[in-house]
Amino acid sequence: MRCAEGAAPSAALERGRVLDPNALGQALRQLIARAEITSTRALIAASDAIASFRVLTFPNQATEAEIDTAITGELNLGSDQMSIRHFEVLAGRGERTIFAVVWNRGQIQAISAAARQAGLEPAAVELKSLCVARALTEDSCIFLDMSVDPCEAVLIEERVPRICHEFKIASGADLALAVANGLKPVLGFHRRSGSAGFGPDSPILVRADQALPSLMASRVEELTGHAFRPVPQPARIDPDVRYGPFLTCLGLVMRRSA
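Quick caveat: nothing in here was measured; it's all calculated off a predicted structure. (Residues numbered from 1 in each chain as written. Predicted model: local features only at pLDDT ≥ 70, side-chain atom pairs only at ≥ 80, totals over all residues. Heavy atoms only, no water.)

Trainee: I'm lost on the packing of aromatic side chains in this one. Help?
Mentor: Each aromatic ring pair is specified by the distance between its two centres and by the angle formed by the two planes. With the rule as written, the count across this model stands at two aromatic pairs. Ring centres of Phe53 and Phe99 lie 5.2 Å apart, and the angle between their planes is 25 degrees; on these two criteria the pair is classed as stacked. With Phe53 in strand β4 (residues 51-58) and Phe99 in strand β6 (residues 96-104), the pair connects residues that are 46 residues apart, well separated along the chain. Residue Phe53 shares its accessibility class with Phe99, and that shared class is buried. Site record: aromatic cluster; members linked through ring pairs are Phe53, Phe87 and Phe99. (Phe/Tyr/Trp six-rings, centres within 6.5 Å; stacked < 30°, edge-to-face > 60°. Helix = DSSP H or I, 4+ residues; strand = E, 2+ residues; numbered from the N terminus. Buried < 20%, exposed > 50% of the residue type's maximum accessible area, 1.4 Å probe, protein only.)

Trainee: Help me out: how do you make sense of the side chain of Asp145 in this one?
Mentor: Structurally, Asp145 can be placed in strand β8 (residues 141-145). Reaching out from Asp145, the side chain makes a polar contact with the side chain of Arg207 at a distance of 2.7 Å. Dropping the residues within four chain positions of it, Asp145 is found in contact with Lys128, Cys151, Glu152 and Arg207. (Polar contact = N/O pair within 3.5 Å; in protein donor to acceptor, adjacent residues only side chain to side chain. Contact = heavy atoms within 4.5 Å.)

Trainee: Would you explain the pattern of salt bridges in this entry?
Mentor: Side-chain pairing between opposite charges can occur once the charged atoms of the two side chains come close. In this structure the tally under the stated criterion is 18 salt bridges. One salt bridge connects Glu152 with Lys128, and the closest N-O pair in it is separated by 2.7 Å. Of this pair, Glu152 sits in strand β9 (residues 151-157) while Lys128 sits in helix α4 (residues 128-135), and the two are 24 residues apart along the sequence. Comparing Glu152 with Lys128 shows no difference in burial state: the two are buried. Through salt bridges with shared partners, a single network forms among Lys128, Asp145, Glu152 and Arg207. (Salt bridge = Lys/Arg side-chain N within 4 Å of Asp/Glu carboxyl O.)

Honestly, it's all geometry; don't read function into it.
Below you can see the structure in the form of structure tokens.
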């Protein structure tokens, strides 16, 4: 396995949105050459910032037309720049569970253009939250990504993302309190939805650039009522792989091998 990482050029990428496909593609081309990667087929993980998603349930007898109508009503397209994709999850439950996502079409085109500028052919684009849910060892948890700014928190139930929430931590703030407050909308969504997938024993799994103080973790546990610990190594991954920075990519590869 070959892997490499590098910063995007200034003004080429902002909060997951591609602003300059040419500049981003050139940087990616250089990164691929440096890592001596020869494959040209690209699986791409896109930021949740360019999309919105919902998990909807329907009776088994629901028709595709009925599902399409319900999804369109739930996910307001707003403009012709948006497009909808949906697929079934959690099969065999006595009902149909549908994961529906509305994409910014312009952003998908910009991502694909950047990949082609790098000499790659995009084969699939998938949301970061779906990739992460596949890579984590816990079926139900909150994934908290503190390696990005703003922080991202994803509620995952039975390996299906339910909500993605962003929040910022002010410089000099009480870190434990800021994290607990930032997670309130996610925990509140769980309580309102009434789903049994995420429960008292479901942990908060954290990805951060640096190890967090144990005292801070203990305080977050007290404030939220959930275990707070680093993301564990994914299953079937070589121990030598730095899984933290490449967690999303690992989940994307698992999509191909599933």
